[in-house]
Amino acid sequence: MMLLDNELGMIVLFLTENSIPYEEHVELKKKTWIHRGGCARYFISPKDTLQLQRICSWLYLNKIEFDLIGHTSNLYFVNNYNPNIVVSTRSCNKIEIEPSYIICEPGVGVIKLSRECVKLGVSGFEYLTELPGTVAAAIYNNSSCKSNSISSLLESIDFLRTDGVIEVLRPDDLGFTYRNSLLKSKHLKGVILTVRLRRVDSDPSYLMSIAESNKKARKAIFDNNVKSLGCVFDNPRLSLFHRIILRFCAIFYRLVRFRGGSVDNFKKKVLLRISGYSELEPYICDKSMIIYNWDDEDADRLFPLYCDFAKKVLHTSDLEIEIKK
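Residues numbered from 1 in each chain as written. Predicted model: local features only at pLDDT ≥ 70, side-chain atom pairs only at ≥ 80, totals over all residues. Heavy atoms only, no water.

## Let's talk about the pairing of strand β5 (residues 85–88)
Of the two faces of β5, the one carrying Ile-85 and Val-87 and the one carrying Val-86 and Ser-88 are both buried. Where strand β2 (residues 39–44) lies against β5, 3 bridges are found, and the strand directions are parallel. Each residue of the ladder has a partner; that of Phe-43, found in β5, is Val-86. In the sheet, strand β3 (residues 67–69) pairs with β5 via 3 bridges, with the strands oriented parallel. Looking across to β5, one finds that Leu-68 is bridged to Val-87. (Buried < 20%, exposed > 50% of the residue type's maximum accessible area, 1.4 Å probe, protein only. Helix = DSSP H or I, 4+ residues; strand = E, 2+ residues; numbered from the N terminus. Pairing = 2+ DSSP bridges.)

## A look at unusual backbone geometry
The backbone of Thr-72 shows a phi angle near 60 degrees, a positive value even though the residue is not glycine. Note that Thr-72 resides in the loop between β3 and β4 (75–77). If you check the backbone angles, Asn-235 has positive phi at about 55 degrees while not being a glycine. Mapped onto the elements of the fold, Asn-235 is located in the loop between β14 (233–234) and α6 (240–256).

## A word on helix α3 (residues 110–120)
Within α3, burial applies to Val-110, Leu-113, Ser-114, Cys-117 and Val-118. Each buried residue of α3 lies within a common arc of 130 degrees when the element is viewed along its axis, so the set occupies one face. For α3, the elements touching its buried residues are β6 (95–97), β7 (101–104), α4 (135–141), β12 (190–198) and α5 (204–222). (Arc of directions from axis to C-beta. Contact = heavy atoms within 4.5 Å.)

## Thoughts on the packing of α6 against helix α7 (residues 263–275)
Where α6 meets α7, the axes come as close as 9 Å, and the angle between the chain directions of the two elements is 135 degrees. Considered as vectors, α6 and α7 are oriented oblique to each other. Our pair here, α6 against α7, has a crossing hand that is right-handed. Between α6 and α7, the contacting residues are Phe-241, His-242, Ile-245, Leu-246, Cys-249, Ala-250, Phe-252, Tyr-253 and Arg-254 on the first element and Val-263, Phe-266, Lys-267, Val-270, Leu-271 and Ile-274 on the second. Classifying every residue of the contact of α6 with α7 gives 12 nonpolar, 1 polar and 2 charged. (Axes fitted to C-alpha atoms, helices over the stretch in contact; angles between N-to-C directions. Parallel < 35°, antiparallel > 145°, perpendicular 65-115°, else oblique. Left-handed = near helix turned anticlockwise from the far one by under 90°. Nonpolar A, V, L, I, M, F, W, Y, C, P; charged D, E, K, R; others polar.)

## Considering the sheet that holds β3
Strand order in the open sheet formed by 4 strands is β1-β2-β5-β3, with mixed pairing between adjacent strands. Each having just a single partner strand, β1 (22–27) and β3 make up the two edges of the open sheet. Strand-to-strand twist in this sheet, taken as the mean axis angle between neighbours without regard to direction, amounts to 30 degrees. Contacting β2, β3 and β5, helix α2 (residues 49–61) crosses the sheet at an angle of about 155 degrees to β5.

## A few points about the packing of α3 against α5
Packed helix pairs are characterised by how far apart their axes lie and by the angle those axes make with each other. Remark: α3 packs on α5, axes separated minimally by 7 Å, with the N-to-C direction vectors making an angle of 145 degrees. Taken together, the residues of α5 that come into contact with α3 (itself represented by Val-118, Lys-119 and Leu-120) are Pro-204, Leu-207, Met-208 and Ala-211. Looking at the contact of α3 with α5, its residues break down into 6 nonpolar, no polar and 1 charged.

## A look at the nonpolar core
Residues Tyr-292, Trp-294, Tyr-306 and Phe-309 are the most contacted members of the largest nonpolar core, which totals 35 residues. Elements supplying a minimum of two residues to this core: β2, β4, α7 and α8 (297–312). Per-element tally for this core: the top contributor is α8, with 6 residues. Contacts of Phe-309, omitting those with residues within four sequence positions, involve Leu-271, Leu-272, Ser-275, Tyr-277, Leu-280, Ile-284, Met-289 and Leu-314. In terms of nonpolar packing, the next biggest core, distinct from the first, is built from 27 residues, Val-108, Cys-117, Ile-139 and Leu-154 among them. (Core = buried A, V, L, I, M, F, W, Y, C linked by side-chain atoms within 4.5 Å.)

## Section: α8
Here α8 contains 16 residues, and its C-alpha end-to-end distance of 24 Å stays within 8% of the 22 Å for a straight helix at 1.5 Å per residue. Along its length, α8 reaches its greatest deviation from straightness, about 45 degrees, at Phe-303, and the proline Pro-304 lies no more than four positions downstream. All of the buried residues along α8 are Ala-299, Asp-300, Leu-302, Phe-303, Tyr-306, Phe-309 and Ala-310. Summarising the contacts, the buried residues of α8 are in contact with β4, β14, α7, β15 (291–293) and β17 (322–324). Between the side-chain oxygen of the N-cap and the backbone nitrogen of Asp-298 there are 3.0 Å, and the N-cap of α8 in question is Asp-296. (Expected span 1.5 Å × (residues − 1). Bend = angle between axes of the 7 residues up to and from the residue. Polar contact = N/O pair within 3.5 Å; in protein donor to acceptor, adjacent residues only side chain to side chain.)

What follows is the structure in structure tokens.
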């Protein structure tokens, strides 16, 4: 929906009066994790939680729709998506480490937070040291690594509701399940202003060893591809037929001893070919077929085909990412 002239004037006036930084006509390709998206009429970057609260409260009060983003490492903005207003939390990145709690603004990066906690010997963060995104997004998605989720570390959040009321919510209020929450399912709507995490001290060297092991495991899967949003889908379930085919591929690969490539790449090629999706080969990760790489413009064209592949071959439609279109 296009903004009216009077709404445009009101927005600029409010931002100026409250000294809230903003830009006009911003290409989202220059702002998003995988360099995708159209043009945002206003790109607003509050400097702290107070400014974030003010602008979001004002937008809610005036019933003006907006997109709230962090690092966008879990968001896919299609290239023809041109939002009126984007509010970014990336500058809201202050951390306070207290004796019993860690208090974060919503834009704190999980990688930075986790590495600092591991160095200090704060347990529970050693599995999250390579997880991209902000702490608020991690709460929103109940981000996890192996069997460890950020919800297990959460004490409470300060939450701005769409009616302008700020309330303190605890884990039981957020309905956490595996990589999901009432926030992600849209049953709770609003903005996370502050995140409080429990501090439990442990041996830093022990935590560092776990963090390093986790870093190597993640690197092996993602191969440092920065144009990935992590796992696009959840709960893949190959049919027995396809599992047998992949097992045979692994045995055949080792017997023939192909030069170049890898057994994972060979298995992926065979599965895509027999299922009729060979065109997707350059964009699907070798080690995990629920990871998709936006390496070029064709990746956008083929993404609907990838979703079809996930539904028909991987037997999953459970999206892990959010798509803005």
